[in-house]
Amino acid sequence: MNWETVIGLEIHAQLATKSKIFSSASTTYGADPNTQACVVDLGMPGVLPVLNSEVVRMAVKFGLAINAEITMRSVFARKNYFYPDLPKGYQISQLDLPIVGQGRLEIHPEDGESRTIGVTRAHLEEDAGKSLHEDFQGCTGVDLNRAGTPLLEIVSEPELRSAKEAVAYMKKIHALVRYLEISDGNMQEGSFRCDANVSVRSLGETTLGTRTEIKNLNSFRFVERAINIEVERQIELLENGGSVTQETRLYDSVKDETRPMRSKEEAFDYRYFPDPDLLPVTLDDDYIEQVRRTLPELPDDKRKRFISQFGLTPYEADVLTASHELANYFECVQKISGGETKLTASWVMGDLMGALNKAGLEITASSVTAEMLGDMIKRISDDTISGKLAKQVFNAMWQGEGDADAIIEKKGLRQVTDSGAIEQIIDDILVGNPQQLEQYRAGKEKLFGFFVGQVMKATQGKANPAQVNIILKKKLTDF
Amino acid sequence: MYKQTIASLSDGLHQGTFSSVELTRQCLERINRYNAQLNCFITVTEELALADAREADRRLQSGEAAPMTGIPIAHKDIFCTDGVKTSCASRMLDNFIAPYDATVVASFKNAGAVMLGKTNMDEFAMGSSNETSFYGAVGNPWDSTKVPGGSSGGSAAAVAARLALGATGTDTGGSIRQPAALCGLTGLKPTYGRVSRYGMIAFASSLDQGGPLTYTAEDAALMLNVMAGFDEKDSTSIDQAVPDYCAGLNQCIDGLKIGVPKEFFGEGLDSVVGDRVEQAIQQFEKMGATIVEVSLPNSMLSVPAYYVVAPAECSSNLSRFDGVRYGYRCEEPVDLMDLYKRSRGEGFGAEVKRRIMIGTYALSAGYYDAYYLKAQKLRQLISDDFRRAFAGVDVIIGPTTPTTAFPVGDKLDDPIQMYLSDIYTIAANLAGLPAISIPCGFSDGLPVGMQIIGAYFKEEQLLNIAHQYQQETDWHKQMPEGFS
C-alpha cells in the first residue's frame, strides 16, 4: 500500500524580551539557578501577573508577517497541572482566543516544490522552570530562572507531507522570528523547539489517521529523524494489521527511537479557564498599523528581490536569505564590491560559508567582515589580484592577518599587469622551450596551456591571466 | 481611649493629647487580656507595633503625620506582611513568613499606621463562621457561644472587643459585611478593582476585594482613604481617581432614592432581623429619603452561581500550595505523587478540600459548559438586575444576613446552611458592586446589620449615607459587655 504522511508542528519560540512575560525579572540565559526568579515567578502566595506589553507587540509582529488575523480581544487562560517546575500549579497560556489567528507561510523545501502551509494560530504563554534530575543524589533540583519566560507557540495545520517539508517549515519559521527580531532562535539554549504531530494514512484517504505527538524536538536534524522513524513505526504497525495508539512520545537521539510517554487515557485534563487575574488584551487598528510600520523586509520579499534585482538563481536567493544576518552581509559585501553581484554570491556561498561551517560559526561571528570581503572582491574586479590569489588573501584574512590590501602588500600578491614585464617573461619562456614551441607551431595547440602555466609559475601566479593570454597568443603567432 | 473612634483618636494624636506609644500599649494590653478568650489574633507583633508607634510619634511631632499615623490596627492574616508569619489560618502556611508586603499593608505602613498583629480567619477565607481556621474558632464578643461570622471573623471580633481600632478584611462572598453585621460593626466591601489585591492571598480572584472593619462609617472612610487606589502590580485594579472619602461625609440625604428589593425580605429571613432593617429604612425616610420597591429577580441564584465560580477559581489558586517551595510538606515523601497527595491532604482542612474538589469538578472536561460557563451567565444576569435597579434608585438597602450570630458548631456539619448565611451578600461580589454593612439594632442582645449596596465606585455615597444614619442612631456606639 502507498502511505501518505501527515504532519503538524507546534513550534515554541522564546520571545526576546528583557524581562519575563508577567514579571520584571530578567530573562538572561545562563544565570545561577533561581537567581532570576522574583516572588511572582516563584508563585508566592498573593502575587499577581502583569502582562509585559512587549510580548504583545512581538506576537502581533509575527501575526502580520504571516498574514494572519490578529485577535482584537484575546484572552489568557490557565492550564492547570501539577509539576515541581510549574510554580503556580498552572501555566498562563491562551486557549479559545489566541492573539494570532489563521495565517499562512510559503516553504521552499530543498528538493521539492514550493508550498503554502497554513498556520492555525499562534498564542502567548509562559515557560515553566527546569527540573534537574542529575547531581542531586536521587532527588530532583528545580531551577525557576526560566519560569515565566515568554513563549509564542505557533501551531501549523496538518499540511506537511514529509519530514523534509516539516524541516523546511520549521527553518522558515526560525528565519522569520529572527528576521522580525522577536526571538534569538537559539536551539541549544532551548529558545526554539517543537512538538510534532505525526500520522499516516493510505494515499487518497481524506480522513486523518490516529496521530502521535513527539515532544520537545530541539534541532532540525532531530525533527527529521524523529518524524521519519515515527512514520516507519506507524506504517509497520498498520501493515502488520495493528493500529496506532494516540499518545505522546519522546524521541531518544542516542538510541534513535521514539518511545511512549503517556497515552490518551493518561492525558491530563488541564481544566482551562480564563485567568481572572488578567484582563483580556484589547487592541485597536492604530496599534496594529503602528506595529505594521515596524516590519522589516520579510524573507519571501527579500528572496524575490534578490532574484530580480541581483539576478541570483532561486537557489542562491534561498541560501542567501536564510537568515537576515546573512542577507545583510551579502548586501553589504555586494555594495562595497561595487556591484559585483555574481562574484559576491560565489564568495559568500563558497569560501566564506565553507569556512564558517568548518569552524561551526554563525555569520555574525565571522572574522572576515563584510567590509573586508567587499574590499577583497574590489581588488579582484580591478585586477589587483587574480581570483586564484584571492583565495590566499581570503585565508589570510580568515586567520586574522589583516585586510585585503595589507595582505596583498605584505605577501606581494599584487598581480603583474605591466605588459612590458609580461612580454619579457613570455619571451624568456619561449626561448627556453624551443621543443614545445616547435610542436605548437606544428599544430599541437594544446600546448598553449603549457606556456600559460610556465608564465604563471615564473610569476608565482601573479601575472594577470587575461593579459597573459593575449600577449602569449600574439607572441606565438609572431615569434 | 480604646472606646473612641479612629477619627477622634487621630485628633488626639495630632494635638499631642497622648502618644501613639501610649495608645498602642493600651491595645496590646487589651490583646494580652482578651485574646486567649476570643482567639482573634493568630500573631501579635508587639515589638514591631511599638517600633511603629515610636516612628509614628516622631512623625506626629515633626508634622509629617497623616490622619492614620499612629493608629493601631490589625491585618487579616490573608495579607502578606514582610518578615511576619502570614498563615491564611491554614496548617499549609503555618510556617510561612512572607518575603514581601501586600500593597494594602505597604499603604498603611506609608500612612504611619501601627500594625498590632494578624487576625484569625476562616482557612483561606473559606467559611462564614471562622470555624474552619487551623488555629481554632473565634468567639463573638457579644456572646462567646456564638460565632463572629467569617471569614474575617478575627478582624471583626478584635475591633468589636476594642482590641484594635480598625482592621482590614477581605470579602469574596460577604466575608467583611457578614462578620461586621454579626459583631455590630461597620464593614465595607469596595467596588471590585478599587483596592489592590496584590499580596492578598487569593481565594477567588474575580470576587476577592479588601476593605475595612471599623466602629463607624467615618473610620471606614479614613481607612479606605489609605487602601483605595490603582496598583500597577494588580492588572484588575482600576485606574480611577480616588476621592477623599472623609470630605464626602456630610452630604444631606434629602431626596435620596433607596431601593428595597422584595427578594431580600422573603423566606429564610429571621423576623426580628427583618423588623430592625424595616425600622432603619423608616429612619431613612424620616431623614428625607424616598423608598422604592425594586426587584432583583436573579439574586436568589447568586449562592449556586457563587459556589461554582468561587470553588473553580480557588481550585486553581490553591494549586501553588504543593509542598515544593514553601509551606507545609509531609514527612518523608516516597515520591512526587506522595509528596503532593500527603502535603495537600494534611496541609488543608476539610472545607478547603471540599471547595477544591467542587471547583476541580466544575472545570473538568465535559462539565465546564454545564457549570462554569452557566455560572458566568448567571453572574451576568445578576449584574443586569442591578444595572436595571440602579437606573431608578441611588442605593439598595436590605439585611446583611438572614439571622444574627448563630451558635458555634451549629452549621459546621451542614455546608448548605452555612453557605446560605451569605445569601444577601454574595450578589454584590458577583456583580463587583460596593456594599457596606452597618449596625441597625439588636435581637436578643445580638447585633443586627443592614446592607447598603451602591453603584460602581459609589463608596463615597455609601459612606455618607452610613455616616448620616450614624449621626441619628447609636447602635454603632454599643459595646459588648465584658470588654468595656
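Residues numbered from 1 in each chain as written. Chains lettered and ligands numbered in written order. Predicted model: local features only at pLDDT ≥ 70, side-chain atom pairs only at ≥ 80, totals over all residues.

**Student:** Looking at this model, I keep getting lost on the overall build of chain A. Mind explaining?
**Tutor:** Looking only at helices and strands, one finds 15 helices and 15 strands in chain A. Taken over C-alpha atoms, the radius of gyration comes to 30 Å for chain A, far larger than the 23 Å a tight globule of 479 residues would show. Considering only intrachain contacts with a sequence separation of at least 6, the fraction spanning at least 24 residues in chain A is 68%. (Helix = DSSP H or I, 4+ residues; strand = E, 2+ residues; numbered from the N terminus. Rg over C-alpha atoms; globule rule 2.2 N^0.38 Å. Contact = placed C-beta atoms within 7 Å.)

**Student:** Got a minute to help me understand the interface of chain A and chain B in this structure?
**Tutor:** By a frequent convention, interface size equals the accessible area lost on bringing the separate parts together. Contact with chain A, which involves 25 residues of that partner, is made by 34 residues of chain B. In terms of residue class, the side of chain A that touches chain B is made up of 16 nonpolar, 4 polar and 5 charged. (Nonpolar A, V, L, I, M, F, W, Y, C, P; charged D, E, K, R; others polar.)

**Student:** Looking at this structure, how should I read the environment of B:Q209?
**Tutor:** Residues and elements named next belong to chain B. On the secondary structure map, Q209 appears in the loop between β5 (186-189) and β6 (210-214). For Q209, a count of 27 C-beta atoms within 10 Å puts it in the buried group. Counting along the chain gives 37 residues from Q209 to T172, while the straight-line C-alpha distance between them is 6.4 Å. (Buried ≥ 20, exposed ≤ 12 C-beta atoms within 10 Å, placed from the backbone.)

**Student:** What is the right way to look at the sheet that holds strand β10 (residues 192-202) of chain A in this model?
**Tutor:** Sheets are built from strands paired through backbone hydrogen bonds, the pairs being either parallel or antiparallel. Residue and element names in this part refer to chain A. The 8 strands are arranged β5-β6-β9-β1-β10-β11-β12-β13 in an open sheet whose pairing can be described as mixed. The open sheet has two free edges, formed respectively by β5 (103-107) and β13 (257-263), since each of these has just one partner strand. The sheet shows a mean angle of 30° between the axes of neighbouring strands, direction not considered. In this structure, strand β6 (residues 115-126) lies alongside strand β9 (residues 150-156), joined through 7 bridges in antiparallel fashion. Paired with E125 across the strands is L151, a residue of β9. Relative to the sheet, helix α2 (residues 163-179) contacts β1 (3-14), β5, β6, β9 and β10, its axis offset from that of β1 by approximately 20°. Against the sheet, helix α3 (residues 220-239) makes contact with β1, β10, β11 (212-217), β12 (247-252) and β13, and its axis sits at roughly 25° relative to β10, the strand it touches most. (Pairing = 2+ DSSP bridges. Axes fitted to C-alpha atoms, helices over the stretch in contact; angles between N-to-C directions.)

**Student:** Which parts of the structure should I look at to understand the domain arrangement of chain A?
**Tutor:** All names here are of chain A. Annotation of chain A at the domain level lists domain 1 (3-290), domain 2 (299-411) and domain 3 (419-478). The gap between the C-alpha centroids of domain 2 and domain 3 is 33 Å. Its residues placed into classes, the side of domain 2 that touches domain 3 shows 1 nonpolar, 1 polar and 2 charged. (Domains from an automatic or database assignment.)

**Student:** Help me out: how do you make sense of α3(A) in this one?
**Tutor:** Residue pairs spaced three or four apart in an α-helix point in one direction, given the helix's 3.6 residues per turn. Residue and element names in this part refer to chain A. For α3, built from 20 residues, the straight-helix expectation of 28 Å at 1.5 Å per residue is met to within 8% by its first-to-last C-alpha distance of 29 Å. Of the positions making up α3, those classed as buried are F222, V223, A226, I227, E230 and Q234. End-on view of α3: buried residues confined to an arc of 120°, all on one side of the axis. Across α3 from its buried face, at more than 90 degrees, point the exposed residues R221, E232, E236 and E239. Two residues or fewer past α3, G241 is found with a positive phi of approximately 85°. (Expected span 1.5 Å × (residues − 1). Arc of directions from axis to C-beta.)

**Student:** How should the sheet that holds strand β4 (residues 90-93) of chain A be read in this particular structure?
**Tutor:** Taken together, the 3 strands give an open sheet; going across it, the order is β4-β3-β14 (chain A), and neighbouring strands pair in antiparallel fashion. The two strands at the open ends of the sheet, each matched to only one other strand, are β4 and β14 (273-274) of chain A.

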